[in-house]
Amino acid sequence: QLSSLISGKRAPRHPDEDTAGEDANRRITIHRPLELETSSSLDIKLEKGRRRRINRFIKLFVVLAAALLIIASLIWRVLPVNREQDNTAGGTMDSSKKDTVEDEPNPPILPDSIHIFYPPKTQTEIEALNAKLSKFSDPIVTKEEFFSKTTLPPPPNYPDFTYASDLHFTSKRTALLFAPGLYEGIDFEVAYYTSVLGLGAKPTDVTFTNCDKGPHVDAINKFTTRPPWGSGLDTFWRSVENIATNPREGMRWAASQAAPLRRVHVQSDLLLFEGDAWASGGVLANAIVDGQVNFGGQQQYLLRNVELKQGAVNGAWSLVFVGCTGETPFENSGLKSGPSISVDNSPKLRIEKPFITMKESGEFELRVPLAAFSQSDVLGSQFGGEEVRSFTGVKLGVPSTDGADNYLILQKALDEGKDLVLSPGVYPLAASLEVKYPNQVILGLGYATLKAPLNGSPCILVHPKVPGVRIAGIMLEASVLTGTIPSSSLLQWGMPDVDDVGDSKNPSLLSDVFCRVGGASYDRHVSTEVMIQLYSGNIYGDNLWLWRADHVKLHPGEEANFPHISPYYRQTVMGECQVRNGMKVYGQAVTMVGLFIEHTTEDQLIWEGDNGYVAFYQCELPYDVDLSYADKSFVGYRIGPDVKIHTARGIGIYSNFRDFDVNVATAISHPGSDGIVMSNLFTVYLDNQGKINSVVNGKGPSAVSESDRGRPFRCSDNTCSDDIGS
């Protein structure tokens, strides 16, 4: 009818419409005799015609206006809402516009990288589930297969098989989700870039029982690396969360960096090693262990908010316990023997990582634990009391190979005030994802990886004065830059020209965030200036590994440059995978519980903000630098000259100068303020040339000969008044 009005033609009538009267009138009009019209009657007819035309125009205008309003309403619903940010009090969402944002589907549409499993009910189902899960484990090499390629007979003490490291730099990412229930007789190895996630509200909602190992990690490459033990030094990038497990052999987790166990109830012993395989440290957080925790030969380890029912034993150099309960060990400097033990029984803050759950209906929820401050809430495990958010307000990201697509889709959701859950995969970005609103969550599943924009801008930029943000469970990876900005990074929180102390009552969180410069890329020119920059305050860091790759993927047909170190990878040399610093902290009251930084080409950590707190710091200086590294006085841990208050415990810095005889003056540098309190500090000479000549500010012991290899040299505090090599 609208088109008829515009064209001036009458629209066809509906077949049911009554037209008899009109037809009769039309016949009368046609057969009426013609009459001569007077001028007055003609004027009357003209006036009537003019009025009819005006009425028709008014009707047309009303219809057109109504149509335009309908079209505008439809456009408004599909376009992103443009919300203004208030930089004085943090971004806030316009509630009048919030209703125009479309809900996300719940249950969400899951991509192929996410797999949901349900409790088996019969022996046949148990066998089928074990077979299915074995396909997600690391590749296996049998003893017969390995020794069939040599003339040597297999030694009798070798295992029947070993898991291999073939997936060390794969682009494949996987999340294995387990619906609530009992999983009897299920045993599987957790592979590279794989997360095992229970979907219950508490760990015991998903329980592995009547099994030998349950989900576990063994040492790898047992036939080639210190056979028959293998290695746990590079069993990185894998995790288990929100489950209970009761394996007959104990839960084995012979893993190192970026391989956390969190929100778990281990109803047996927990074995963080395997035999004599070396391992280089990890994190257990928000957990209950009914049996004994055995660190084995782990170089260092952090336990945060763990209920230890039968204590913990062994460990090599440094163990840190924060907010733990039960049979927690006593503080020990390690000066006389054993690892140093650092204990914080009264942390001031605790924030747990967000997680997802599934209701009986199949709908998903995002659960966001609240920050805890009271003494009763900052100690021991904590399962419950989270803010529950429906997935109707959560965008499930699915990666594309197109960086522009990834950015536009994910940023649109953030601008709509939604939370992001990133499904497993690699997401190249054309521009930074910007977080503008308080309390937003970005949560990665299965080691979702954001690749930095090519111009050097960060993968994620959190705007200043935006409290309560949660960024968790993601990898951030450097790119080969085609442009430069003044200070490139992988994550930036706040702005250098905006004073933002944060919100002490609503602090923000970085949890399980793992940065990587090099490794998976064939191009060794990937770079960034610094991995993480924190300009805002009141941020809580929980298990961060910031890694400049010391080894990278080989090109097809390329031979290893240091095969005696590893035949599987190229060892990074000077000029490759460039990054100056791991982290720069300018914000006030920033906390880091579990911080690993390795191999950057200048200072590893620079801390300029006051009231900082660090519990557990593990650092390796770069292997490939030349003598200028020592000449420029670079260190592993630098506290800025204006800092008045800073607390740190369990600080280890290691040297392994492979290419040059580099002698670093000291490992830790600080301005000497009375408010700087550091405890259980040490250095280790790992291998090769050079050394670290002192522990802190030129004080403390150091290695003097090859026989000191692998031996910690300690200071119990930052005065080094009682320093000895232990």
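Residues numbered from 1 in each chain as written. Predicted model: local features only at pLDDT ≥ 70, side-chain atom pairs only at ≥ 80, totals over all residues. Heavy atoms only, no water.

Draft legend 1. Structural view of the overall build of the protein. A count of helical and extended segments in the protein gives 8 helices and 48 strands. Expressed as a percentage of its 726 residues, the buried residues of the protein come to 55%. Considering only intrachain contacts with a sequence separation of at least 6, the fraction spanning at least 24 residues in the protein is 64%. Approximately 30600 Å² of the protein is accessible, and the part contributed by carbon and sulfur atoms is 54%. (Helix = DSSP H or I, 4+ residues; strand = E, 2+ residues; numbered from the N terminus. Buried < 20%, exposed > 50% of the residue type's maximum accessible area, 1.4 Å probe, protein only. Contact = heavy atoms within 4.5 Å. Areas by Shrake-Rupley, 256 points an atom, 1.4 Å probe, with all protein chains shown as cover.)

Draft legend 2. Structural view of a nonpolar patch on the surface. Where nonpolar side chains cluster on the molecular surface, the patch consists of M574, L627 and F660 and spans about 280 Å² of accessible area. Note that L627 resides in the loop between β40 (612-620) and α8 (628-631). Of the residues examined, L627 reaches a relative accessible area of 46% and is grouped as partly exposed. (Patch = residues over 30% accessible without salt bridge, like charges linked within 9 Å, V, L, I, M, F, W, Y side chains within 5 Å. Salt bridge = Lys/Arg side-chain N within 4 Å of Asp/Glu carboxyl O.)

Draft legend 3. Representation of the environment of G297 in the model. By secondary structure assignment, the location of G297 is in the loop between β15 (293-294) and β16 (300-308). Between the C-alpha atoms of G297 and G275, which are 22 residues apart in sequence, the distance is 8.6 Å. Not counting residues within four places of it along the chain, the set of residues in contact with G297 comprises F273, A279 and A316.

Draft legend 4. Representation of the state of the cysteines in the model. Across all of its chains, the model carries 1 disulfide by this definition. Free cysteine C515: the closest other cysteine sulfur is in C459, separated by 7.7 Å. Residue C515 is classed as buried on the basis of its relative accessible area of 2%. (Disulfide = S-S within 2.5 Å.)

Draft legend 5. Local environment of helix α7 (residues 403-415). An ideal rise of 1.5 Å per residue puts 18 Å on 13 residues; α7 measures up with 18 Å between its terminal C-alpha atoms. Considered for burial, the residues of α7 that qualify are G403, N406, L410, Q411, A413, L414 and D415. The inward-facing, buried residues of α7 contact β24 (394-397), β25 (419-422), β26 (426-428), β27 (433-435) and β28 (441-451). Directly after α7, the chain includes G417, whose backbone phi takes a positive value near 85°. (Expected span 1.5 Å × (residues − 1).)

Draft legend 6. Inspection of the sheet that holds strand β22 (residues 364-368) at higher detail. Spatially, β21-β22-β23 is the arrangement adopted by the 3 strands of the open sheet, whose pairing is antiparallel. Because the sheet does not close on itself, it has two edges, and the strands there are β21 (355-358) and β23 (387-390). Strand-to-strand twist across the sheet, computed as the mean angle between neighbouring axes with direction ignored, equals 35°. Here β22 runs beside β23; their pairing, made up of 4 bridges, is antiparallel. Bridge pairing links L366 to R389 in β23. (Pairing = 2+ DSSP bridges. Axes fitted to C-alpha atoms, helices over the stretch in contact; angles between N-to-C directions.)

Draft legend 7. The sheet that holds strand β17 (residues 312-313), seen in detail. Pairing is parallel across the open sheet formed by 4 strands, whose spatial order is β11-β13-β15-β17. Of all strands in the sheet, those bounded by a partner on one side alone are β11 (251-252) and β17. Across 2 bridges, the pairing between strand β13 (residues 270-271) and β15 is parallel. Its bridge partner lying in β15, L271 is registered against N294.

Draft legend 8. A look at the packing of aromatic side chains. This model, assessed by the stated rule, comprises 35 aromatic pairs. Ring geometry for F161 versus Y163: centroids 5.5 Å apart, planes at 90°, classification edge-to-face. Taking relative accessible area as the criterion, Y163 reaches 10% and is therefore assigned buried. Ring centres of F178 and F188 lie 5.9 Å apart, and the angle between their planes is 20°; this geometry places the pair in the stacked category. Pair noted here: F178 is in strand β4 (residues 174-178) and F188 is in strand β6 (residues 188-189), with a separation of 10 residues, a long-range link. Residue classification places F188 among the buried residues on the basis of a relative accessible area of 3%. Feature note: the residues F169, Y192, Y193, F236, W237, W545, W547, Y568 and Y569 constitute an aromatic cluster, connected by ring pairs. (Phe/Tyr/Trp six-rings, centres within 6.5 Å; stacked < 30°, edge-to-face > 60°.)

Draft legend 9. Up close: the nonpolar core. Counting residues in hydrophobic clusters, the biggest one holds 104 residues, and the most contacted among them are W237, I460, I471, L534, M583 and Y637. Grouped together as the second largest cluster of nonpolar side chains are 60 residues, V289, F321, C324 and L443 included. (Core = buried A, V, L, I, M, F, W, Y, C linked by side-chain atoms within 4.5 Å.)

Draft legend 10. Quick look at the pairing of strand β14 (residues 282-289). Extensive coverage of β14 is indicated by the burial of 8 of its 8 residues. With 4 bridges connecting them, strand β12 (residues 261-266) and β14 associate as parallel partners. When the bridges of β14 are listed, H265 appears paired with I288. When β14 meets β16, the two strands line up parallel, connected through 7 bridges.

Draft legend 11. Expanded view of the confidence of the model for the protein. For the protein, mean pLDDT is 89; residues scoring 70 or higher make up 86% of the total. This model gives residues 1-42 a pLDDT under 50, and the stretch forms 16 contacts once residues within four places in sequence are excluded. The low-confidence segment residues 69-90, where pLDDT is below 50, has 31 contacts with residues more than four positions distant or belonging to other chains. (pLDDT = per-residue confidence, 0-100.)

Draft legend 12. Region of interest: the environment of G609. In this structure, G609 sits in the loop between β39 (605-607) and β40. Measuring from C-alpha to C-alpha, the distance between G609 and I639 comes to 8.7 Å, with 30 residues separating the pair along the chain. Filtering out sequence-adjacent residues up to four positions away, G609 remains in contact with V585, Y586, G587, Q588 and V643.

Draft legend 13. Structural context of unusual backbone geometry. That bond from N106 to P107 is cis: its omega, 10°, falls within 30 degrees of zero. Among the structural elements, P107 can be located in the loop between α4 (95-98) and β1 (114-117). If you check the backbone angles, A258 has positive phi at about 55° while not being a glycine. Tracing the chain through its elements places A258 in the loop between β11 and β12. You will see that N439, though not glycine, has its phi angle at about 70°, which is positive.

Draft legend 14. Structural detail: the pattern of salt bridges. This structure, assessed with the given rule, holds 38 salt bridges. For the salt bridge of D218 with R252, the shortest nitrogen-to-oxygen distance reads 4.0 Å. Highlighted residues: D218 in the loop between β9 (215-216) and β10 (238-247) and R252 in strand β11, separated in sequence by 34 residues. The class for R252 is buried, based on a relative accessible area of 19%.

Draft legend 15. Fine view of the pairing of strand β18 (residues 318-322). Burial within β18 is extensive, with 5 of its 5 residues counted as buried. With burial as the criterion, each face of β18 is covered, one bearing S318, V320 and V322 and the other bearing L319 and F321. With 5 bridges joining them, β16 and β18 adopt parallel strand pairing. Residue pairing in the sheet places L303 in a bridge with F321 of β18. As defined by bridge partners, β18 adjoins strand β20 (residues 340-344) across 5 bridges and the pair is classed as parallel.

Draft legend 16. Fine view of the side chain of H599. Position of H599 among the secondary structure elements: in the loop between β38 (591-598) and β39. Accessibility expressed as a relative area gives 2% for H599, which makes it buried. Only 2.7 Å separates the side chain of H599 from the side chain of E620, close enough to count as a polar contact. Non-local contacts of H599, meaning those with residues more than four positions away in its chain, are made with W547, R548, D550, Q604, E620, L621, P622 and Y623. (Polar contact = N/O pair within 3.5 Å; in protein donor to acceptor, adjacent residues only side chain to side chain.)

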